[in-house]
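Next come the chains, spelled out residue by residue.
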Amino acid sequence: MNKAVGNLRYLSSIIWQYDKKIFIYFFLSMIFCSISPYFVVLAPKYILKTIINRGHGEEWILIFLIFGIGSLLVYILENIFTSLFKSHLSAARNGCFGNMLTEKMLRMRYEFLEQPCIQDLCFRANMLFWSDFSGMAGVFENTKKMLSGMITITGFAFILIGLHPILPIALVLSVLVNVALMVNARKKENSLRNLDQKVDREKKYLDAVMQDSIFGKDIRLYGMGEWLAKWYLRVTEEKRTITDTIQKQYFKVNVVGAILGAIRDVVVYGILISAMLKRVIFPDDFIMYVSAITGFTTTLILIVEYFQKIQQFLTNTDDFREAMQLEEIVQKENHTGNVEFDLIKVEHVNFAYPNMDKNILEDINLQVKRGEHIAIVGANGSGKTTLVKLLVGLYEPTKGNIQICGKDGKPISKESRWDMFSIVMQKIFQYAFTLKENITFEKDGNEDKERIERAVRVSGLEEDIVKFPKGIYTTLGKEFHSDGIHLSGGLAQKMALARAVYKEAPILVLDEPTASMDALAELEFYRKFETIFRSKTCIYISHRLSSVMFCDRILLIDKGGVAGIGTHEELLLKNELYAKMWNAQSKPYKEKQKG
């Protein structure tokens, strides 16, 4: 209970800072919602009483003013303040909590984002602001309804005490059995919550894959349709099983509730009929007490349901708060803004993924001077890409230190460090922006036109762009525009190269963007890149040694450690592993030349 109260305070404090009007509308909506049921209970009594007593015009006018105009006014105000409350709460759902989680994920250490357990946590944290009917919106909506119901039921209790002092207590006891079953059903539902959300995430992934035109090619060409359909069927069957299990619990609640309700009605009507026969109450009282008893029991059951929903939705707060506590990128006191670097220093660096004991990299030492061209080579899975992510600041070393130092020798800040790198990765993402925005990552009007023209020309995109429907303003992908296009592998590589040229960063990294090319095509690509960026500091990642022979130095990575460093010629003469790799890779071409 203390945890639930703490979560409610946490949500309230955030909303108070974001929009204080929400609490004003909450209170006013609650008050008017609690008043309106009294009109339903009292109006029939006084109308019937006036009819029986053959009331005069003044009495009918008073009844009309109180129960006609009064109920209409309360109804209008209730709807106005409820609408304002819901609209402001909905705005806070994404504008406040959605932004908080998004900004947190941008500040979060990148290696955490890659972990499935963290992805599951963030998916569950999203549930806090998933819809207007659950999460934080559900907490405050149901809290309002619960408090409103408590005010209403208090008034009904005073009415029922007039019939018999024990009656409200007896009605509460009659509802408690149903409440206990409801609590048990909620517990069962909550116990399946994590599994249910895991299945939902799996289904969401399959929906995206099976509806994406890019995946559609592989699905058709490789006959994956039946396999994916079976997978989807299994997921939907798991979802159905979870839903059925939950519904069975609530079915029991409904059956028992119906039986108890029938018994309660028989007893209550018996008491009321007996009171009428004894002339303790009259027909107008009979109608009022029937309405009050029905309203009391219905409202009491709803209050319990609201309370259970509040507890259920507050569990989303646990996930949200846990996600907000995840470790962020540490900013140290150092350079900010545009600075020129002089040296990259990697000193005794180890790296292991979170919650893993085994190091991916061990005792890596490297220095890269400004203007130097370095290659990092090794077999697949040796740790090359992991080292790159450490260099650019996406990962933090488990042990050791990586610094990019300015000319004064001081380390450069993380944000400035990201600004200093242009990266062409193996997997090139095409965002649902225009081609120009995919190159510049800037909205129209903020870009440098001369830099765009140079980037397009140098990358070789110039001749291709004229063939696109809207030239450089053509949208990539068809998610939002029917005339959007998807760039082929070669064009995507050109776009990635254009990004690197446009950014004008002092350090460029190529992480095997040509893995799908043959060795000769890859060599030609690297030589073109080398010509364009001769004055820059370049880091090349490759498992093909022939493509990086021109580099000033080559770092050989094997099993997460440094197996050698030097020029191509030096390693070929002195490093057995490098020579073995070189001979194995060059053998097919030597045999082809002999043939």
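What counts as what
Residue positions within a chain follow its written sequence, with the count starting from 1. Given that the model is predicted, a residue must reach a pLDDT of at least 70 before its local features are reported, and side-chain atom pairs must reach 80 or more before they are shown or counted; all residues, however, enter totals for whole chains, interfaces and linings. Just so you know, side-chain values use all the structure's heavy atoms and leave hydrogens and water out. Axes here refer to lines fitted to C-alpha atoms; in helices the fit is confined to the stretch in contact. Angles between the N-to-C directions go from 0 to 180 degrees. Where helices and strands are cited, they refer to DSSP runs of H or I of at least four residues and of E of at least two residues respectively, numbered from the N terminus. In these notes the angle categories are as follows: under 35 degrees is roughly parallel, over 145 is roughly antiparallel, 65 to 115 is roughly perpendicular, and the rest is oblique. Contacts between residues were defined by any pair of non-hydrogen atoms, one from each residue, lying within 4.5 Å. Residue polarity follows a fixed list, in which Ala, Val, Leu, Ile, Met, Phe, Trp, Tyr, Cys and Pro are nonpolar, Asp, Glu, Lys and Arg are charged, and the others, Gly among them, are polar. Pairing between strands requires that DSSP locate at least two bridges from one strand to the other. Think of a patch as exposed residues, more than 30% relative accessible area, with no salt bridge, where like charges cluster within 9 Å and nonpolar side chains (Val, Leu, Ile, Met, Phe, Trp, Tyr) cluster within 5 Å. For every accessible area listed, the method is Shrake-Rupley and the probe measures 1.4 Å; residues are considered covered only by the protein chains on display. Each salt bridge in this description consists of a side-chain nitrogen of Lys or Arg and a carboxyl oxygen of Asp or Glu lying within 4 Å of one another. Residues scored as charged are limited to Lys and Arg (positive) and Asp and Glu (negative), so that His and the chain ends carry no count. By convention, charge coordinates are those of NZ in Lys, CZ in Arg, CG in Asp, or CD in Glu. Here's how the labels work: a residue is buried when its accessible area is under 20% of the maximum for its type, exposed when over 50%, partly exposed in between, all with a 1.4 Å probe on protein chains only. What is meant by a nonpolar core is a set of buried Ala, Val, Leu, Ile, Met, Phe, Trp, Tyr and Cys residues, joined one to another through side-chain atoms within 4.5 Å. One confidence number per residue, pLDDT, is output by the predictor and ranges from 0 to 100. Here a crossing is taken to be left-handed if its near helix is turned anticlockwise relative to the far helix by less than a right angle, and right-handed if that turn runs clockwise.

## Observations regarding the packing of helix 2 (residues 21-52) against helix 11 (residues 283-324)
In a pair of packed helices, the angle between the axes and the distance between the axes together describe the arrangement.
Then comes step 1: The geometry of helix 2 relative to helix 11 is characterised by a closest axis approach of 8 Å and an angle of 170° between their N-to-C directions. The angle between helix 2 and helix 11 places the two elements in the roughly antiparallel class. Within the contact between the two elements, helix 2 uses V41, L42, P44, K45, L48, K49 and I52 and helix 11 uses P283, D284, D285, I287, M288, S291 and A292.
Then comes step 2: Grouping the amino acids of the contact of helix 2 with helix 11 by side-chain chemistry returns 9 nonpolar, 1 polar and 4 charged.

## Concerning the environment of V177
Then comes step 1: You can see V177 is positioned in helix 7 (residues 167-191).
Then comes step 2: Discounting residues that sit within four places of it in the chain, V177 has contacts with V256 and L260.

## A closer look at the sheet that holds strand 3 (residues 373-377)
Then comes step 1: Overall, mixed pairing links the 6 strands, which are arranged 5-6-7-3-8-9 in an open sheet. With partners counted over all chains shown, the strands left at the sheet margins are strand 5 (421-424) and strand 9 (561-566), one partner each. Between one strand axis and the next, the sheet turns by 15° as a mean value, whatever way the strands run.
Then comes step 2: Where strand 6 (residues 507-511) lies against strand 7 (residues 537-542), 5 bridges are found, and the strand directions are parallel. What sits directly across from D511, in strand 7, is I541.

## Let's talk about a negative patch on the surface
Then comes step 1: Judged by side-chain charge, D448, E450, E453, E462 and E463 come together as a negatively charged surface patch.
Then comes step 2: With respect to the helices and strands, E462 occurs in helix 16 (residues 462-465).
Then comes step 3: Note on E462: relative accessible area 46%, which makes it partly exposed.

## Description of the pairing of strand 8 (residues 553-558)
Then comes step 1: The pairing of strand 3 with strand 8 spans 4 bridges and is classified as parallel. Its bridge partner lying in strand 8, A375 is registered against I554.
Then comes step 2: Counting the residues between successive antiparallel strands, the hairpin from strand 8 to strand 9 contains 2 residues, one of them, K559, with a positive phi of roughly 55°.

## Things to note about the nonpolar core
Then comes step 1: Of all hydrophobic cores here, the largest spans 68 residues; its most connected members are L11, F97, L272 and F320.
Then comes step 2: Of all the elements in the fold, those that place two or more residues in this core are helix 1 (2-18), helix 2, helix 3 (57-107), helix 5 (116-126), helix 6 (135-161), helix 7, helix 10 (225-277) and helix 11.
Then comes step 3: Counting residues per element, this core draws most heavily on helix 11, which supplies 17 residues.
Then comes step 4: Leave out the neighbours within four places in its chain, and L272 touches L163, I281, F286, Y289, V290 and I293.

## As for the confidence of the model for the protein
Then comes step 1: Averaged over every residue, the pLDDT of the protein is 84; residues scoring 70 or more account for 92%.
Then comes step 2: Here helix 18 (residues 519-532) stands out as the least confident element of the protein, with mean pLDDT 68; helix 6 is the most confident, with 94.

## Some points on the packing of helix 8 (residues 193-211) against helix 10
Then comes step 1: At a minimum axis separation of 10 Å, helix 8 and helix 10 run at an interaxial angle of 150°. Our classification of the angle between helix 8 and helix 10 gives roughly antiparallel. You can see that helix 8 and helix 10 cross each other, and the crossing is left-handed. Taking contact as the criterion, the partners of L195, D196, V199, D200, E202, K203, Y205, L206, D207, V209 and M210 in helix 8 are, on helix 10, L228, W231, Y232, R234, V235, T236, E238, K239 and I242.
Then comes step 2: The class makeup of the residues in the contact of helix 8 with helix 10 is 11 nonpolar, 1 polar and 8 charged.

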